[in-house]
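Structural overview
Each chain is listed here by its residues.
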Amino acid sequence: MIYVLSGPNLRRLGIREPDVYGSDTFEDLADLCRATGRELGLHVEVRQTDDEAELVGWLHEAADGKIPVVLNPAAFTHYSYALRDAIAQRTAPLVEVHISNPAAREEFRHTSVVAAVATGTIAGFGLRSYVLALRAIAEMIEK
Ligand code: DQA
C-alpha cells in the first residue's frame, strides 16, 4: 500500500493554469497513479485535500501504519511547518513531488520547508513526477 497525497488546488488540475500544470485532470492523475501501482504490484490510495489539518492527519495515519507516501504538498510546501513536523514523524519513505519545477518559478516557490524531512524530491516532470516517485518507492521497498 502506498498513499499518494495531494494538497490544495490540485483537484482543479486541467482547469487550473493549464500552461503551468497541463490539461490533464485530477482524475487522469489518479488513474495514472493507480495504473502505475498495478504495474508495480502495489495498491495505491489517491487522496486530495485543500485542508492542512486533514493532510496532517493522513500523514499521521501513514506514520502509524508504516505506509510509504508520494506527497505533493502544493503551496503548503513553501510555508507549512505543521506539515514538515508531520513528515518528520514518517516511518517509511516519503517522496515530495511537484508537477512544475518550482526552482524555475517565482522566488517564493524556491523554498521548500518539507524537503529536508522527505526521502527525496522529484519536480518538473509534469504528471510523470508522480510515476517516477512511485517507481522510486517501489525500488526502495524491494531493497
Ligand atoms: C506545485 C508547485 C507549488 O509551488 C504550487 O503551489 C502548487 C503545485 C506543483 O505540483 O508544481 O500548488 O506543488
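Preceding block: the structure.
Within every chain, residues take consecutive numbers counted from 1 along the sequence as written. Only residues with pLDDT of at least 70 are given local features in this predicted model, and only at 80 or more are side-chain atom pairs given and counted; all residues enter the totals for whole chains, interfaces and linings. Note: side-chain values were computed over all heavy atoms of the structure, leaving out hydrogens and water.

Concerning the layout of surface pockets
To find leftover empty space, one rolls a probe the size of a water molecule over the atoms. Keep this limit in mind: Each cavity reported here is a set of points on a 1 Å grid over the protein atoms alone in which a 1.4 Å probe fits but cannot get out, each pocket an open set with protein on both sides within 12 Å along at least five of seven lines, and each lining residue one with an atom within 4 Å of a point. Grid points are joined across faces, edges and corners, and a volume is the space filled by probe spheres set on the points. Think of it as three bins: nonpolar holds Ala, Val, Leu, Ile, Met, Phe, Trp, Tyr, Cys and Pro, charged holds Asp, Glu, Lys and Arg, and polar takes everything else, Gly as well.
Empty space within the largest pocket amounts to approximately 150 Å³. Lining the largest pocket are 14 residues, with Tyr-21, Ala-74, Ala-75, His-98 and Arg-109 positioned closest to its centre. Counted by class, the lining of the largest pocket contains six nonpolar, five polar and three charged residues.

Some remarks on the nonpolar core
Nonpolar side chains in soluble globular proteins generally cluster together in the buried interior. Applicable threshold: We define the nonpolar core as a collection of buried residues of types Ala, Val, Leu, Ile, Met, Phe, Trp, Tyr and Cys that are connected through side-chain atoms lying within 4.5 Å of one another. To sort residues, take the accessible area from a 1.4 Å probe on protein chains only and compare it with the maximum for the residue type: under 20% means buried, over 50% means exposed, and anything in between is partly exposed. For the purposes of this entry, the term helix denotes a DSSP run of H or I that reaches at least four residues, the term strand denotes a run of E that reaches at least two, and both are numbered from the N terminus. When checking whether two residues touch, look at their non-hydrogen atoms; a contact exists if any pair is within 4.5 Å.
Core analysis: the largest hydrophobic core is formed by 20 residues, its most contacted members being Leu-13, Val-70 and Tyr-130. Contributions of two or more residues to this core are made by strand E1 (2-6), helix H2 (26-40), strand E4 (94-98) and helix H5 (128-142). Ranked by residues supplied to this core, first place goes to H5 with four residues. Ignoring any residue separated from it by four or fewer positions in sequence, one finds Tyr-130 in contact with Val-4, Ser-6, Leu-10, Leu-29, Cys-33, Val-70, Asn-72, Val-97 and Ile-99. With 19 residues, the next largest nonpolar core counts Trp-58, Leu-71, Phe-76 and Leu-83 among its residues.

As for the pattern of salt bridges
Note the following rule: Any carboxyl oxygen of Asp or Glu that lies within 4 Å of a side-chain nitrogen of Lys or Arg is treated as forming a salt bridge with it.
Under the defined criterion, the tally for this structure stands at seven salt bridges. A salt bridge links Arg-135 to Glu-39, with the shortest nitrogen-to-oxygen separation between them at 3.5 Å. Here Arg-135, found in helix H5, pairs with Glu-39, found in helix H2; they are 96 residues apart in sequence, far enough to count as distant. On the basis of relative accessibility, which here comes to 59%, the residue Glu-39 falls in the exposed class. Of the charged contacts, one joins Glu-61 and Arg-47 as a salt bridge, the two residues approaching to 3.2 Å between their closest N and O atoms. One end of the pair, Glu-61, is in helix H3 (residues 52-65); the other, Arg-47, is in strand E2 (residues 44-48), with 14 residues separating them in the sequence. For Glu-61, a relative accessible area of 36% puts it in the partly exposed group. Because the salt bridges share partners, they merge into one network encompassing Glu-27, Asp-31 and Arg-34.

Examining the environment of Asp-50
Position of Asp-50 among the secondary structure elements: in the loop between E2 and H3. Judged by relative accessible area, Asp-50 falls into the exposed class, the value being 52%. Sequence-wise, Asp-50 and Pro-73 are 23 residues apart; in three dimensions their C-alpha atoms are separated by 9.8 Å. Once residues within four sequence positions are removed from consideration, Asp-50 is found in contact with Gly-7, Pro-8, Asn-9 and Phe-76.

Details of the sheet that holds strand E3 (residues 69-72)
We count it as follows: We treat two strands as partners when DSSP finds at least two bridges between them. Note on definitions: angles span 0 to 180 degrees between N-to-C directions of axes, and those axes are lines fitted to C-alpha atoms, for helices only across the stretch in contact.
The strand order across the open sheet built from five strands is E2-E1-E3-E4-E5, with neighbouring strands paired in parallel fashion. Both edges of this open sheet fall to E2 and strand E5 (120-123), since each of them pairs with a single strand only. Taking the axes of each pair of neighbouring strands and ignoring which way they run, one obtains an average angle of 20 degrees across the sheet. Sheet topology places E3 next to E4; three bridges connect them, and they run parallel. Its bridge partner lying in E4, Val-70 is registered against Val-95. Each of E1, E2, E3 and E4 is contacted by H3, which is oriented at about 165 degrees to E1, the strand it contacts most.

Side note on the pairing of E1
Of all five residues that make up E1, five are buried, and the element is covered over most of its length. Burial of E1 is two-sided: the residues Ile-2, Val-4 and Ser-6 facing one way and the residues Tyr-3 and Leu-5 facing the other way are all buried. Judged from the four bridges that link them, E1 and E3 form a sheet pairing that is parallel. Note on E3: the bridge partner recorded for Val-4 is Val-70.

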